[in-house]
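# Reading the structure
Letter by letter, the chains look like this.
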Amino acid sequence: QVQLVESGGGLVQPGGSLRLSCSASGSIFSITAMGWYRQAPGKQRELVATITNGGSSNYADSVKVRFTISRDNAKNTVYLQMNSLKPEDTAVYYCNAKSGVPLLRVLVHWGQGTQVTVSS
């Protein structure tokens, strides 16, 4: 099993920056990809960014250029650097990890979530 612990959320003014961190423990060698999702009140949870073990990343159109996802394999940690934050970025941000064999046996793991609020 994989356990995910998130940190770094908080309150920031529009145009500001935050860096979210997610540390993985447990069966970390089975992880094939990690990512960040977010859920605003009354809305569905949506993909923000993902990164594979090889370092390939993709982003939602709404966060491209502004957000950067990265991994530190030595620390078993994934980061989300968020710049030029907008009020519409306000949401609970969840760390995600996938393990197993892609398309054959995939296990999905979630962190507890961390609140990001962008407001004046």
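The present account deals with the structure reproduced in this document. Keep in mind it's a predicted model, so treat the numbers as computed, not measured. (Residues numbered from 1 in each chain as written. Predicted model: local features only at pLDDT ≥ 70, side-chain atom pairs only at ≥ 80, totals over all residues. Heavy atoms only, no water.)

## Some words on the state of the cysteines
Under the defined criterion, the tally for this structure stands at 1 disulfide. Here Cys-22 pairs with Cys-95 through a disulfide, and the sulfurs are 2.1 Å apart. An S-S torsion of about -85° defines the bridge between Cys-22 and Cys-95 as left-handed. A residue pair is termed long-range when its members are at least 10 positions apart, and Cys-22 in strand β3 (residues 18-26) and Cys-95 in strand β9 (residues 91-101) qualify at 73 residues. Of the two residues, Cys-22 and Cys-95, both sit in the buried class. (Disulfide = S-S within 2.5 Å. Helix = DSSP H or I, 4+ residues; strand = E, 2+ residues; numbered from the N terminus. Buried < 20%, exposed > 50% of the residue type's maximum accessible area, 1.4 Å probe, protein only.)

## Observations concerning the sheet that holds strand β7 (residues 67-72)
Two orientations exist for strands paired in a sheet by backbone hydrogen bonds: parallel and antiparallel. Here we have 4 strands laid out as an open sheet, ordered β1-β3-β8-β7, and antiparallel in their pairing. Every interior strand has two partners, whereas the edge strands, β1 (2-7) and β7, have only one. Ignoring strand direction, the axes of neighbouring strands in this sheet form an average angle of 20°. (Pairing = 2+ DSSP bridges. Axes fitted to C-alpha atoms, helices over the stretch in contact; angles between N-to-C directions.)

## Topic: unusual backbone geometry
A positive phi is found at Asn-76, a non-glycine position, where the angle reads about 50°. Inspection of the secondary structure puts Asn-76 in the loop between β7 and β8 (77-82). By relative accessible area, Asn-76 is classed as partly exposed at 29%. With phi around 50°, Ser-84 is a residue other than glycine that occupies positive phi space. Along the chain, the position of Ser-84 falls in the loop between β8 and β9.

## Observations concerning the pattern of salt bridges
Under the defined criterion, the tally for this structure stands at 4 salt bridges. Here Arg-38 ties to Asp-89 by a salt bridge, and the two come within 3.0 Å at their closest N and O atoms. Pair noted here: Arg-38 is in strand β4 (residues 31-39) and Asp-89 is in the loop between β8 and β9, with a separation of 51 residues, a long-range link. No difference in accessibility class separates Arg-38 from Asp-89, as the two residues are buried. One salt bridge connects Asp-61 with Lys-64, and the closest N-O pair in it is separated by 3.1 Å. Look at the salt bridges and you will find they share partners, linking Arg-38, Glu-46, Arg-66 and Asp-89 into a network. (Salt bridge = Lys/Arg side-chain N within 4 Å of Asp/Glu carboxyl O.)

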